[in-house]
Each structure stands twice: as C-alpha cells, then as structure tokens.
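Geometric and topological summary
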Amino acid sequence: MEPIAEPGAPITVIRRAHPTVQYPGKVSASRRAAVAVMFADPPAWDGDDDVMLIVGPPAARFAATGRFVAAQAALVAFAVTGPWQPLELSKAPRRALDVVAEVRSVLGQSRQPGRILDVSAEGMTVVVATKPGGKAVDVVLTRDGFSSHFRCDTVSSTSESAGVTLQLTYQDLTTAQQAFVRQLVASTAKPREGAA
C-alpha cells in the first residue's frame, strides 16, 4: 500500500546529511516517481542532496528515499528513489494516552502546555501549539500523584491545524524514570491503533 500524497497534504523532507535537517512543507503535486513540495521557507538545495520524504498523519506515516531534482522559488521537485514504506519510529508498542504535560525547549528555554497522545518504552507523541526551538526538549508530566521529567530528542515534527505533533525519543533515563515509564505504559489503554 502506498500513501496518497494529495496536494496540500503536509510532508516532511529530511536532508540526509550530518547532522540531518528536516524541512516541513506541503505537497504541490505528486506522481509515483516524483513529488513537488512547496516550502514556506525554502532551503538551498543542490544536486547532491539525498532526502527522506515522510507523508501521512502521525499514526500512519509513510517514508521513501528521494533525491533533489530542481527548484523554482519555493517549489522544489524530488525524485522518489525508493519504495514507500510504513514509517516505524519505534519497535516498542505505543499505548494510547491523553495527559497534559509541560514541554520546555532546551535551546530556547520556552515553556508551553502539551498533550501526550501515546507513550512507549522508547518515546512518546506530544502535540504542542508551536514547534520548540532545537532538537532537545524537556517533558514534565504528572500521573497518579507522581511527577517525572524527561529529556527527549525530537525525531520528527508535523504541523497541522490542531498544532505541532512531535515524535520524541527519550535520552538516557534514570532507574526512577524507567520505572515511571513502565508504570505509565502498564496503566494505559490498549496499544494505539496504527501505531508501531
């Protein structure tokens, strides 16, 4: 099954360099072997850029490898060089959750409320109003009278009408944090439908 990248659908283009950089955009046109993307803030591309293309809603994302082809102002064309495959960010089952948390940007020191949509032994999905600056964020949450603080890395982010969805993986967890996550996962509902 391949994704339907309708014009206007959100797409994330990840430049496969060191370090990797991701750019959110919208699909302008799509064919089996190519996709045109409109960027609000277009980066500079060159012919050596290999990319990863990610489309679809957070719970059902697809990814394919690609290559820069051409650019005209904010419109950029990419060749699709590999098959579209379901994007599995985590091998651990994700459990549906609906908990309010505070998300803090490590780089910019901004703070904002967030809503945790799912959690696993490896990470979580959080929706916030605006994308935090930098890759690292702190997530503070309270559940059943206990509070914990997690330093996380942003694996991907998708802007939608409801806000920005962040896919996060934990950085090194202490023994106490590991126990908190295990308890959180054990106390939640069944695995989130469509989530890895």
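My aim in this report is to walk through the structure given alongside it, one point at a time. This structure is a prediction, so every number in the text was calculated from the model and none was measured.

Some remarks on the nonpolar core
A general trend in soluble globular proteins is that nonpolar side chains are found buried together. Counting residues in hydrophobic clusters, the biggest one holds 22 residues, and the most contacted among them are Ile116, Met124, Val139, Leu141, Phe150 and Leu168. Sorting the residues of this core by element identifies strand S8 (95-105), strand S9 (111-119), strand S10 (123-128), strand S11 (136-143), strand S12 (146-160), strand S13 (163-170) and helix H1 (175-187) as the ones contributing at least two each. Once residues within four sequence positions are removed from consideration, Ile116 is found in contact with Leu97, Asp98, Val99, Ala101, Met124, Thr125, Val126, Val139 and Leu141. Counting 19 residues, the second largest nonpolar core, distinct from the first, contains Ile11, Phe39, Val51 and Val76.

Let's talk about the pairing of S13
Along any regular strand, the residues point their side chains to alternate faces of the sheet. In terms of burial, S13 is a largely internal element, seven of the eight residues being buried. In this structure, S10 lies alongside S13, joined through six bridges in antiparallel fashion. Bridge assignment links Val127 to a residue of S13, and that residue is Thr165. In this structure, S12 lies alongside S13, joined through eight bridges in antiparallel fashion. Among the inter-strand pairings, Ser159 is bridged to a residue of S13, identified as Val164. Counted between consecutive antiparallel strands, the loop separating S12 from S13 contains two residues.

Remarks on the environment of Val128
Mapped onto the elements of the fold, Val128 is located in strand S10. On the basis of relative accessible area, Val128 is assigned to the buried category, the value being 2%. In this structure the C-alpha to C-alpha distance between Val128 and Ser159, which are 31 residues apart in sequence, comes to 9.6 Å. With residues near it in sequence (within four places) discarded, Val128 still touches Val103, Gln112, Pro113, Gly114, Gly163, Val164 and Leu166.

Each value, and the rule that gives it
- Residues numbered from 1 in each chain as written.
- Predicted model: local features only at pLDDT ≥ 70, side-chain atom pairs only at ≥ 80, totals over all residues.
- Heavy atoms only, no water.
- Core = buried A, V, L, I, M, F, W, Y, C linked by side-chain atoms within 4.5 Å.
- Buried < 20%, exposed > 50% of the residue type's maximum accessible area, 1.4 Å probe, protein only.
- Helix = DSSP H or I, 4+ residues; strand = E, 2+ residues; numbered from the N terminus.
- Contact = heavy atoms within 4.5 Å.
- Pairing = 2+ DSSP bridges.

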